[in-house]
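Listed below, chain by chain, are the residues.
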Amino acid sequence: MTRLHSRRVSASALEQVAGEVDRLCTEYASHDNHVVLAEAEQWGQELVGLKEQLDLSGMKETLRLLGWLSLLRSCLLYDTGDELGANRARLHAVGIATDLGDMRMLAWGSEITAWIALTKGDLVQVVAAANAGVEMAPHSDVAAQLHAQTAKAYARMGDRHKTEVELEKVRRVLDRIAMPENLRNHFAVDPTKASFYAMDAYRVLGADSLASAMANHVVATSQTPSHVISPMRLAEAVLTKATVAARAGDVAGAVTLAERALGQDRHSVPSLRMVAQETAREMGRTDPRAAADFGHHIRTLS
């Protein structure tokens, strides 16, 4: 970071910082969230201190980087259950995006709103926030994620037709956008996410064969022979398999799978808890005691 303390910050120094922001957004999916959060906050403080060393173009680039760091911080804070902090960070990013006229960044702010609403069960708010985001950036990759959040909400409302309409919109967006340069950046929507979105929706709708097929694809794309690339996606895929097993009457197998899902080192507590509770409800239809024991584990997630 010493290069940022010269009299005038060069374009190359800001490019270096942009690379660090990209790295942090990439590490979001698999690294310890507290470590990534601390580093994101450190880089944010560094950037805030540069005002006297920047020309106009440098100021705009610094604001852009601060906006993405704020969105990242919002996600990380909500992962740990800090909803107030997450909303403050999101609003900071929205303010920056508004000043810059960055509609894609604004739409990601709406996506975070939709995601938080989904984990809280506020399904009407999910649809409203996602629709607002799509209006902001209908041709950007974030539109796919916004349609996906809407699909998840409609699935939980029990509306299969609207769910499938939104999933088709996801596919259309992903078909027309360019492949992102960095597939692992949290704010880049890669084609493999289509199966992840559909998996959640079909699991909730009770379309077990489709959900299971999608889960198999998510498992395959979330890990390599040597390590897990996307532990949070993998956990939800394993919970999907657990749900399907519970519906088939194999509660013991469902519990084994579900416990494995909760054992991932990196997880988003609100999202994991939402899906795990849905799995527990399916267990409870056959074995209330097993469901209660698993429910206790869910409540201890942190």
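Model, not experiment: these values are computed from the prediction.

### Brief notes about the overall build of the protein chain
Stage number 1. A tally of helices and strands in the protein chain yields 14 helices and zero strands.
Stage number 2. Helices (α) and strands (β) of the protein chain occur, in sequence order from the N terminus, as α-α-α-α-α-α-α-α-α-α-α-α-α-α.
Stage number 3. Taking 2.2 N^0.38 as the reference for a compact globule, 302 residues should give roughly 19 Å; the C-alpha atoms of the protein chain span a radius of gyration of 20 Å, in line with that estimate.
Stage number 4. Its C-alpha atoms give the protein chain principal-axis dimensions of roughly 70 × 35 × 35 Å.
Stage number 5. Looking at the protein chain as a whole, 52% of its 302 residues are labelled buried.
Stage number 6. Look at the contacts in the protein chain between residues 6 or more apart in sequence, and 66% of them connect residues 24 or more apart.
Stage number 7. Of the roughly 13500 Å² that the protein chain leaves accessible, carbon and sulfur atoms contribute 53%.

### Observations concerning the nonpolar core
Stage number 1. L71, L72, F187, L239 and F294 are the most contacted members of the largest nonpolar core, which has 96 residues in total.
Stage number 2. Setting aside residues up to four positions removed in sequence, L72 forms contacts with L24, C25, Y28, V36, A40 and F187.

### A few points about the pattern of salt bridges
Stage number 1. According to the stated counting rule, one finds 20 salt bridges in the structure shown.
Stage number 2. The closest approach of N and O atoms between E20 and R23, which form a salt bridge, is 2.7 Å. Of this pair, E20 and R23 both sit in helix α1 (residues 11-27), three residues apart, which is roughly one turn of the helix.
Stage number 3. According to the relative accessible area criterion, E20 is partly exposed, its value standing at 22%.

### Here's the deal with the packing of aromatic side chains
Stage number 1. Per the counting criterion, the structure on display carries four aromatic pairs.
Stage number 2. Seen in terms of ring centroids, W68 and F187 are 5.3 Å apart; in terms of plane orientation they differ by 45 degrees. Their pairing is tilted. With W68 in helix α3 (residues 56-79) and F187 in the loop between α8 (160-176) and α9 (193-205), this pair connects stretches of sequence that are 119 residues apart. Accessibility assignment for this pair places W68 and F187 in one class, buried.
Stage number 3. Aromatic side chains F196 and Y197 sit 6.3 Å apart centroid to centroid with 50 degrees between the ring planes, which places their arrangement in the tilted category.

### As for helix α7 (residues 142-157)
Stage number 1. Between its first and last C-alpha atoms α7 spans 23 Å; for 16 residues at 1.5 Å apiece the expected length is 22 Å, and the two agree.
Stage number 2. Among the 16 residues of α7, 15 are classified as buried, and the element is accordingly described as predominantly covered.
Stage number 3. G158 sits one or two positions beyond α7 and adopts a positive phi of about 85 degrees.

### Focus on the environment of T150
Stage number 1. You can see T150 is positioned in helix α7.
Stage number 2. Separated by 128 residues in sequence, T150 and D22 place their C-alpha atoms 27 Å apart.
Stage number 3. Setting aside anything within four residues of it in sequence, one finds T150 in contact with V126, V127, A130, N131 and E166.
Stage number 4. A polar atom in the side chain of T150 sits 3.1 Å from the backbone oxygen of L146.

### Some remarks on the confidence of the model for the protein chain
Stage number 1. Taken residue by residue, the protein chain gives an average pLDDT of 93. The fraction at 70 or more is 96%.
Stage number 2. Confidence over residues 1-6 falls short of pLDDT 50; this stretch has 17 contacts with residues more than four positions distant or in other chains.

### Focus on helix α6 (residues 123-136)
Stage number 1. End to end, α6 covers 20 Å across 14 residues, agreeing with the expected 20 Å (1.5 Å per residue, within 8%).
Stage number 2. Where α6 is concerned, the buried positions are L123, V126, V127, A129, A130, G133 and V134.

### Thoughts on the environment of D22
Stage number 1. In this fold, D22 is placed in helix α1.
Stage number 2. Between the C-alpha atoms of D22 and N185, which are 163 residues apart in sequence, the distance is 6.6 Å.
Stage number 3. Once you skip the residues sitting within four places of it in the chain, D22 turns out to touch N182 and N185.
Stage number 4. One polar contact links D22 to N185, side chain to side chain, over a distance of 2.8 Å.

Rules of the game
Residues numbered from 1 in each chain as written. Predicted model: local features only at pLDDT ≥ 70, side-chain atom pairs only at ≥ 80, totals over all residues. Heavy atoms only, no water. Helix = DSSP H or I, 4+ residues; strand = E, 2+ residues; numbered from the N terminus. Rg over C-alpha atoms; globule rule 2.2 N^0.38 Å. Buried < 20%, exposed > 50% of the residue type's maximum accessible area, 1.4 Å probe, protein only. Contact = heavy atoms within 4.5 Å. Areas by Shrake-Rupley, 256 points an atom, 1.4 Å probe, with all protein chains shown as cover. Core = buried A, V, L, I, M, F, W, Y, C linked by side-chain atoms within 4.5 Å. Salt bridge = Lys/Arg side-chain N within 4 Å of Asp/Glu carboxyl O. Phe/Tyr/Trp six-rings, centres within 6.5 Å; stacked < 30°, edge-to-face > 60°. Expected span 1.5 Å × (residues − 1). Polar contact = N/O pair within 3.5 Å; in protein donor to acceptor, adjacent residues only side chain to side chain. pLDDT = per-residue confidence, 0-100.

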